[in-house]
Amino acid sequence: MSQYTLNGARPASLPQKLRLPNGRWRTAPYTEADLTAAGYAPAPAKPAYDPATERLDWQDGNWTVEPLPPRDPVYLPLTKLEAMTLFRHITGMDDAGELALREAENVKLLWMKWETDVPQSIHRDNPVVGFFLDELIDKGHATAEHKAAMLAAWPTEG
């Protein structure tokens, strides 16, 4: 079905009736003169585009194709084990380092809270993740760079 634009508006199908400038109404089939008099013009064909990566829009009487904006990442939840494995990878910590961290006097309470209060499935944006990392930084067991690297390396969908 052909698309028409009314005075440059977004293309659409023709209406059931046209009102002409003289006030009279016309029903289909319309003549080209009727369409022109009522302000209708054939719309340009839609350009080819990839809806997965591009957006089709109508601006100033023409079709435009623009890239879709980047999507916000969707971070996957991690188990406590996966989160600790990621932390160990980022910091270069080995088994002895983790054991020493667990035994360090200044983080025993923090570690106990990690073991008991943190849910099994941890989301990157859960405040407890930032709090835990900030406490490790404050107590000298991690750096701000480690925190930034861990958050940047948190797995995402896709």
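About the criteria used
Residues numbered from 1 in each chain as written. Predicted model: local features only at pLDDT ≥ 70, side-chain atom pairs only at ≥ 80, totals over all residues. Heavy atoms only, no water. Helix = DSSP H or I, 4+ residues; strand = E, 2+ residues; numbered from the N terminus. Rg over C-alpha atoms; globule rule 2.2 N^0.38 Å. Buried < 20%, exposed > 50% of the residue type's maximum accessible area, 1.4 Å probe, protein only. Contact = heavy atoms within 4.5 Å. Areas by Shrake-Rupley, 256 points an atom, 1.4 Å probe, with all protein chains shown as cover. Expected span 1.5 Å × (residues − 1). Arc of directions from axis to C-beta. Pairing = 2+ DSSP bridges.

### Some points on the overall build of the protein chain
What the protein chain contains, in helices and strands, is six helices and eight strands. In the protein chain, the order of α-helices and β-strands from amino to carboxyl end is β-β-β-α-β-β-β-β-α-α-α-β-α-α. For 158 residues, the compact-globule formula gives about 15 Å, and the C-alpha radius of gyration of the protein chain, at 31 Å, lies well above that figure. For the protein chain, the C-alpha atoms occupy an extent of roughly 90 × 25 × 25 Å along the three principal directions. Going through the 158 residues of the protein chain one by one, you find that 25% of them count as buried. Across the protein chain, the fraction of contacts at a sequence separation of at least 24, relative to all contacts at a separation of at least 6, is 47%. If you sum the accessible surface of the protein chain, you get close to 10500 Å²; carbon and sulfur atoms cover 54% of it.

### Describing helix α2 (residues 80-91)
For an α-helix, the turn length of 3.6 residues means that residues three or four places apart are oriented alike. In this model, α2 (12 residues) spans 16 Å end to end at C-alpha, consistent with the 16 Å of a helix rising 1.5 Å per residue. The complete set of buried residues in α2 reads Lys80, Ala83, Met84, Leu86 and Phe87. Take α2 and look down its axis: the buried residues cluster within an arc of 155°, on one side only. Away from its buried face by more than 90 degrees, α2 exposes Leu81 and His89. For α2, the secondary structure elements touched by its buried residues are β7 (78-79), α3 (95-103), α4 (108-117), β8 (121-122), α5 (127-138) and α6 (144-153). Where α2 terminates, the next one or two residues include Gly92, which has phi positive at roughly 75°.

### Digging into the pairing of strand β6 (residues 62-67)
As paired strands, strand β5 (residues 54-59) and β6 are joined by six bridges and run antiparallel to one another. From the neighbouring strand, Leu56 faces β6, where its bridge partner is Val65. Hairpin remark: β5 followed by β6, antiparallel, with two residues in the connecting loop; positive phi at Asp60, about 50°.

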